[in-house]
Amino acid sequence: MKPSDLNEQKLSTLVELIRLTKSEEMNCEDLLDHVAGYADAFAKGLPVQPESEPVQHHLSICPECLEEFQALVEVLRQH
Ligand SMILES: [Zn+2]
């Protein structure tokens, strides 16, 4: 293996790590910062923005936040 190959491999591993961290490591506190915008778009039937993907992912793994989210959407839909 040439040194350049090694560097390329390291770089792609790093990129992969960043990607995974970004999409899967949102916690409940982070979610609160982003859920309002997502709930608003959801209530209006707007398409999901790429930046809302971590929110969607968290909601799919966290029943407590999903409950909060559904309550928020209900409120938004009444306005
Ligand atoms: Zn949560």
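The rules we used
Residues numbered from 1 in each chain as written. Predicted model: local features only at pLDDT ≥ 70, side-chain atom pairs only at ≥ 80, totals over all residues. Heavy atoms only, no water. Helix = DSSP H or I, 4+ residues; strand = E, 2+ residues; numbered from the N terminus. Buried < 20%, exposed > 50% of the residue type's maximum accessible area, 1.4 Å probe, protein only. Contact = heavy atoms within 4.5 Å. Areas by Shrake-Rupley, 256 points an atom, 1.4 Å probe, with all protein chains shown as cover. Donors = N, O, S within 2.8 Å, 3.2 Å for Na, K, Ca; no water. Tetrahedral: all angles 85-135°; square planar, octahedral: opposite > 155°, others 65-115°. Axes fitted to C-alpha atoms, helices over the stretch in contact; angles between N-to-C directions. Left-handed = near helix turned anticlockwise from the far one by under 90°. Nonpolar A, V, L, I, M, F, W, Y, C, P; charged D, E, K, R; others polar.

A. Highlighting the overall build of the protein chain. Of regular secondary structure, the protein chain possesses four helices and zero strands. Its helices and strands in sequence order give the protein chain the pattern α-α-α-α, from N to C terminus. Expressed as a percentage of its 79 residues, the buried residues of the protein chain come to 19%. Long-range contacts, defined here as pairs at least 24 residues apart, represent 68% of the contacts in the protein chain between residues at least 6 apart. Summed over its atoms, the accessible surface of the protein chain is roughly 6300 Å², and 56% of this surface lies on carbon and sulfur atoms.

B. View of the coordination of the zinc ion. Within the protein, the zinc ion binds to C28 (SG), H58 (NE2), C62 (SG) and C65 (SG); these donor distances fall in the range 2.0 to 2.3 Å. In this structure, the zinc ion is coordinated by four donor atoms arranged in tetrahedral fashion, with angles at the metal of 105 to 115 degrees. As a motif over one chain, the donors of the zinc ion read C-x29-H-x3-C-x2-C. One end of the pair, C28, is in helix α2 (residues 28-43); the other, C65, is in helix α4 (residues 63-77), and 37 residues separate them in sequence.

C. How the structure looks around the packing of α2 against α4. One way to put it is that α2 packs onto α4 with a least axis distance of 9 Å and a crossing angle of 35 degrees. Handedness of the α2/α4 crossing: right-handed. Residues C28, L31, V35, A36, Y38, A39, D40, F42 and A43 of α2 lie in contact with α4, whose contacting residues are C65, F69, L72, V73, L76 and R77. Taken together, the residues of the contact of α2 with α4 sort by class into 13 nonpolar, no polar and two charged.

Purely geometric numbers; function is a separate question.
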